[in-house]
Each structure stands twice: as structure tokens, then as C-alpha cells.
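Structure at a glance
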Amino acid sequence: MTRTRWALQPEARTDGSLLAFQHPAYGPVGLVLAPQDADRLGKALQLHEQMRRDQKASRGKLN
């Protein structure tokens, strides 16, 4: 498992969110997400987490 350091902070010029992280090969990387994109990313991550939980719960269950 890779542990990547990351930070998230408001971005004043766009009212968006700045996501910054240390990439193992490229070094520091940052990107600004517009508010709508930040919302979409948050919803996608929640959906992904729910899918992961559902998949984990269904392992080992008999049909």
C-alpha cells in the first residue's frame, strides 16, 4: 500500500479547491477543482466507497 501525503485547501481566485500531493515520480503536483468538479469528485468517491463496502459485504455470502 502506498501512503501519499496530500493536502486540500480552498482556492481563493476560483472559489474552488486546491488538491496538492507528492507524486513519487514527478514530485509535487497540484490541481484546482472548480466547485462543481469538487462536488462531482466528492460524490464519485462516496459512490466508490459504497461499492467497495457492498462488495466486501457480499464476499462469503451464499447465493
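A brief look at the structure comes next. Given the structure is predicted, the values throughout are model-derived calculations rather than measurements.

The rules we used
- Residues numbered from 1 in each chain as written.
- Predicted model: local features only at pLDDT ≥ 70, side-chain atom pairs only at ≥ 80, totals over all residues.
- Heavy atoms only, no water.
- 1 Å grid on protein atoms, 1.4 Å probe; cavity = no way out; pocket = protein on both sides within 12 Å on 5 of 7 lines; lining within 4 Å.
- Points joined across faces, edges and corners; volume = space filled by probe spheres on them.
- Helix = DSSP H or I, 4+ residues; strand = E, 2+ residues; numbered from the N terminus.
- Nonpolar A, V, L, I, M, F, W, Y, C, P; charged D, E, K, R; others polar.
- Pairing = 2+ DSSP bridges.

1. Structural notes on the layout of surface pockets
As a volume, the largest pocket reaches approximately 300 Å³. The wall of the largest pocket is formed by Trp6, Leu8, Ser17, Leu19, Leu33, Ala38, Leu41, Gly42, Leu45, His48 and Glu49. Broken down by secondary-structure element, the contributors of at least two residues to the lining of the largest pocket are β1 (6-11), β2 (16-23) and α1 (35-58). If one sorts the elements of the lining of the largest pocket by residue count, α1 sits on top with 6 residues. Among the residues making up the lining of the largest pocket, the classes are represented as 7 nonpolar, 3 polar and 1 charged.

2. Quick notes on the pairing of β2
With 6 bridges connecting them, β1 and β2 associate as antiparallel partners. The residue bridging Trp6 from the neighbouring strand is Phe21, located in β2. Following β1, the chain reverses through 4 residues before pairing antiparallel with β2; Asp15 in that reversal takes a positive phi of roughly 60 degrees.

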